[in-house]
Amino acid sequence: MPLLKVNRERLKRSMDQISTIGATPRGGMHRLALGDKDRQARDLLKRWCMDAGFPVRVDPIGNMFARRAGRHSDSPPVVIGSHLDSQCMAGRFDGPVGVIAALEVLRTLDDQRVVTQAPIDLVNWTNEEGARFSPPLLGSGVFTGAHDLDFALRQTDKEGLSVQQELVRIGYAGAGPVTLPVRKYIELHIEQGVVLEQAAIGIGVVTGFVGIRDTKVTVLGQSTHAGPLAMDSRRDALVGAAGMILAAREIGLAHGPDARVTIGKLAIPSDSHSVVPGCVEMVLDVRHPDAHRLNAVVFALQQRFRAMATDSGLAVHFEDSWYYPPVVFDSGLRSQIAEAAAGFGYSHMELPSRAGHDALNMARVAPTAMIFIPCRAGLSHNELEFAEDQDIAAGADVLLAAALAAAR
Ligand SMILES: [Zn+2]
């Protein structure tokens, strides 16, 4: 049987239409979670779903679910989707590609009168971006038990408006259970990197999320007046930290293409032009898809920093801030995605995700996978973010095939 494909014209029309809500002059998107533009985008999505006969349920944190029924109405659904909210003055593909492709999947199944065993639910998660309300991934975080509902509803934006107030105001404070069993979760998203583009590959089979370990590093020397003490007698913590920052880059490079080592936060408590810094605090951020290798990089960094401190008469202390272990996506779903891509004749490759997505939360409660498509020059969270129609359509075809396989 030939593989079913989505309706490309309808997919493009829907993408173009939803992109007008919150459109910026340079072709981008400004649609902050639970604002008026988010309300309009939600209303449009809801109308499309209702018109097509997919009833919409809104849960207490405002996540929207549209259901295409299966033969077994009591079976947990296959859930597909992403988010409609955006960062400030950002792109129109980050999120909506996954939601609108999911809608197109449901519509195509209806067109072809396909009967699935399990229901398939489209989801639009609330406040994925975290641009207006912190933390990000809020809706999926509540759904998967990472956050309490009350905690989430209490969060406020910088005007002091709460998630709860805004949900009520825009008419998306839903009811019912905060969570339900999910059979499988599949999310289509732009890559937000250059791996697919550089390899000229259309479909990314996402292997999982890289692990992230953040360590607070304190370098201690001795504060003193910038004048009297001779240069060779100083114990300048900032000079020590500068050497460590360069060493961090070198160690990151030495650990192959998968490691990422960043020092992006640094504080000098004395903060004065006339004081030789006696203390520097910085945060070391290390990322790697493999937990053992992640720890090996952190260990190598700490060893080098200690040796450098000793050589300069300084001390260095490490304190673990937080750790997100790597997430490995469901192998069955990954093979189904790869097989679907191959079946359509779309080039595909495996790659990890280096950015957070709702799938990160969902992987804790259900077999989960993601499909990536290329975006131009890896630009994202930027008005110039761009994905080709044909790549979006190919991603939607693969989403359709994978959802169908999961719901059979
Ligand atoms: Zn996104």
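Above this text is the structure in question.
Treat the numbers as computed from the prediction; the structure is a model and nothing was measured.

The rules behind these values
Residues numbered from 1 in each chain as written. Predicted model: local features only at pLDDT ≥ 70, side-chain atom pairs only at ≥ 80, totals over all residues. Heavy atoms only, no water. Pairing = 2+ DSSP bridges. Helix = DSSP H or I, 4+ residues; strand = E, 2+ residues; numbered from the N terminus. Axes fitted to C-alpha atoms, helices over the stretch in contact; angles between N-to-C directions. Contact = heavy atoms within 4.5 Å. Core = buried A, V, L, I, M, F, W, Y, C linked by side-chain atoms within 4.5 Å. Buried < 20%, exposed > 50% of the residue type's maximum accessible area, 1.4 Å probe, protein only. Salt bridge = Lys/Arg side-chain N within 4 Å of Asp/Glu carboxyl O.

Asks: Whenever I open this one, the sheet that holds strand β11 (residues 279-288) confuses me. Can you help?
Replies: Adjacent strands of a sheet form backbone hydrogen bonds with each other and so pair up, either parallel or antiparallel. With antiparallel pairing, the 4 strands of this open sheet are ordered in space as β9-β11-β7-β12. Edge positions in the sheet fall to β9 (260-267) and β12 (315-324), since each of these pairs with one other strand and no more. Here the average twist between neighbouring strands, direction ignored, is 20 degrees. The pairing of β9 with β11 spans 7 bridges and is antiparallel. Looking at the pairing, Ala267 lines up with Glu281 of β11. Sheet strands touched by helix α8 (residues 237-254): β7 (211-220), β9, β11 and β12. Its angle to β11, the strand with the most contacts, is close to 10 degrees.

Asks: Would you explain the nonpolar core in this entry?
Replies: In this structure, Ile80, Leu122, Ile186, Val398 and Leu399 are the most contacted members of the largest nonpolar core, which totals 73 residues. Counting residues per element, this core draws most heavily on helix α12 (residues 389-407), at 13 residues. Every residue in contact with Ile80, bar those within four places of it in the chain, is listed here: Ala102, Val105, Ile120, Asp121, Leu122, Val123, Ile186, Leu399 and Ala403. Among the nonpolar cores identified, the runner-up in size contains 22 residues, and Val217, Met244, Leu301 and Leu314 belong to it.

Asks: Explain the pattern of salt bridges to me, please; I cannot follow it from the model alone.
Replies: Here the idea is simple: oppositely charged side chains can pair when their charged atoms come close. Counted according to the given criterion, the structure contains 19 salt bridges. Close ionic contact of Lys12 with Asp16 constitutes a salt bridge, the shortest N to O distance being 3.0 Å. Taken together, the residues Lys12 and Asp16, both in helix α1 (residues 8-19) and 4 residues apart, mark about one turn of the helix. Residue Glu250 pairs with Arg304 through a salt bridge whose shortest N-O separation is 2.9 Å. A residue pair is termed long-range when its members are at least 10 positions apart, and Glu250 in helix α8 and Arg304 in helix α9 (residues 291-311) qualify at 54 residues. In this structure Glu250 comes out as partly exposed when scored by relative accessible area, which is 43%. Connected through salt bridges with shared partners, the residues Asp36, Arg39, Arg132, Asp157, Glu166 and Arg169 form a single ionic network.

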